[in-house]
Amino acid sequence: MDILVIKCGGSIINELSEFFFHSIKQLQNRGYHIVFVHGGGPDINSMMEKFEIEPIFEGGLRKTTSEVLGIVELMLAGRSNRSLVHKLEAHGIKAVGLNGSDGGILTGEYIDEQKLGAVGEIQQVNTELLGLLLEKGYCPVLTPISITGAGTKLNVNADMAAGSVAKALCADMCLFVTDVKGVLKDEQIIERLTEAETLGLISDGSIHGGMIPKVNTALSVLNKGVGEVMIVSGKGHFYEAGQFIGTKFFQEEGVIQ
Ligand SMILES: Nc1ncnc2c1ncn2[C@@H]1O[C@H](COP(=O)(O)OP(=O)(O)O)[C@@H](O)[C@H]1O
Ligand SMILES: CC(=O)N[C@@H](CCC(=O)OP(=O)(O)O)C(=O)O
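Residues numbered from 1 in each chain as written. Chains lettered and ligands numbered in written order. Predicted model: local features only at pLDDT ≥ 70, side-chain atom pairs only at ≥ 80, totals over all residues. Heavy atoms only, no water.

A. Quick peek at the UniProt feature "site: Transition state stabilizer" (unreviewed entry) in the chain. UniProt records the feature "site: Transition state stabilizer" (unreviewed entry) for Lys 7 and Lys 214 in the present numbering. These annotated residues cover 208 residues of sequence, and their C-alpha atoms lie no more than 9.8 Å from one another, placing them together at a single site. Among the residues just listed, Lys 7 and Lys 214 line the largest pocket. By secondary structure assignment, the location of Lys 7 is in strand β1 (residues 2-8). Apart from the residues lying within four places of it in its own chain, the contact partners of Lys 7 are Val 37, Gly 39, Ala 158, Asp 159, Ala 162, Leu 175, Phe 176, Val 177 and Lys 214. As for its position among the elements, Lys 214 is in helix α8 (residues 211-221). (UniProt positions renumbered as here; feature names shortened; annotations may be inferred. 1 Å grid on protein atoms, 1.4 Å probe; cavity = no way out; pocket = protein on both sides within 12 Å on 5 of 7 lines; lining within 4 Å. Helix = DSSP H or I, 4+ residues; strand = E, 2+ residues; numbered from the N terminus. Contact = heavy atoms within 4.5 Å.)

In structure tokens form, the structure reads like this:
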């Protein structure tokens, strides 16, 4: 089975274009089975504002008290997930929305409870349920919320959750859909990036903010059983005439994977 994992960023989830859904349909017609993992950072921030709680990020990860975790789950499972599933269904794409913690799909552990609160990293992905849905032609749509062995929910960065799902499924491809065309330098898209080049762009500040967890995850899934990794835009076509449009990552210069 050709599997594609698509991470849909919170930056774009409420503004996905008709071209985006057209690209998805084309990929399904080409035989890809698709798993979605989504974020929802901006929606979480606006709800926190309503509760008058200031968002705090450490290294790109949201400090998650139990009160914040309630808001994170409310927005990811109750809003972002519902909205993405609804839009997919409206475009004729069969989709089933799930909290990542449902059925133990995403099990995780605390990263640093003292510093970050209920923020986790994925330890294991239960691929059985995902496989059943894919076989029947449904696209699973997952929030990045995971659960510990003891049954505690954890907030996981959605880029990292998508990378873990792609690795566990040995996906043919992992795509990070965001609000820019790919990794940019001087406003120009960089179409191919090696690991060394990417690390250079982080250290010179060309890659910053929310792009950092995305490129780090992209590099971490390369050569871990995932065929191809790209960052693409949800604003236009990201797949047209058999070609993907965006930034593609390579392990080493000159090596075509
Ligand atoms: N070199 C770069 N190229 C493109 N975008 C970058 C770069 N460095 C930082 N960014 C920022 O990263 C943002 C995408 O990350 P983020 O907002 O976290 O998206 P998402 O919600 O899709 O995960 C872009 O909108 C841009 O502001
Ligand atoms: C631990 C952590 O930071 N979790 C993220 C989960 C959502 C996310 O990653 O959404 P984006 O894709 O929009 O960034 C958060 O609370 O914002």
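B. Looking closely at the layout of surface pockets. Quantified by volume, the largest pocket comes out at close to 540 Å³. If you go around the largest pocket, you meet 30 residues; those closest to its centre are Gly 41, Phe 57, Gly 60, Asn 157 and Asp 159. Elements with a contribution of two residues or more to the lining of the largest pocket: α2 (41-50), β4 (61-62), α6 (158-168) and α8. Considering every element that reaches the lining of the largest pocket, the biggest residue donor is α2, with four residues. Taken as a whole, the second largest pocket spans an internal volume of roughly 160 Å³. Lining the second largest pocket are Val 180, Gly 182, Val 183, Leu 184, Ser 206, Ile 207, His 208 and Met 211. Grouping the amino acids of the lining of the second largest pocket by side-chain chemistry returns five nonpolar, three polar and no charged. (Points joined across faces, edges and corners; volume = space filled by probe spheres on them. Nonpolar A, V, L, I, M, F, W, Y, C, P; charged D, E, K, R; others polar.)

C. The arrangement of the packing of aromatic side chains in detail. Taken as a whole and assessed by the stated rule, the structure comprises three aromatic pairs. Ring centres of Phe 20 and Phe 238 lie 5.7 Å apart, and the angle between their planes is 45 degrees; on these two criteria the pair is classed as tilted. Of the two residues, Phe 20 sits in helix α1 (residues 18-29) while Phe 238 sits in the loop between β15 (228-233) and β16 (239-240), which places them 218 residues apart along the sequence. Plain terms: the ring middles of Tyr 239 and Phe 244 are 4.7 Å apart, the flat faces sit at 50 degrees to each other, and that makes the pair tilted. A relative accessible area of 4% places Tyr 239 in the buried class. Here a set of aromatic residues connected by ring pairs shows up, and it is made of Phe 20, Phe 21 and Phe 238. Across the ring face of Tyr 138, the terminal group of Lys 94 is positioned such that the distance to the ring centre comes to 4.5 Å. For the cation-ring pair, Arg 192 lies above Phe 250, with the distance from its terminal atom to the ring centre recorded as 4.1 Å. (Phe/Tyr/Trp six-rings, centres within 6.5 Å; stacked < 30°, edge-to-face > 60°. Buried < 20%, exposed > 50% of the residue type's maximum accessible area, 1.4 Å probe, protein only. Lys NZ or Arg CZ within 6 Å of the ring centre and 35° of its normal.)

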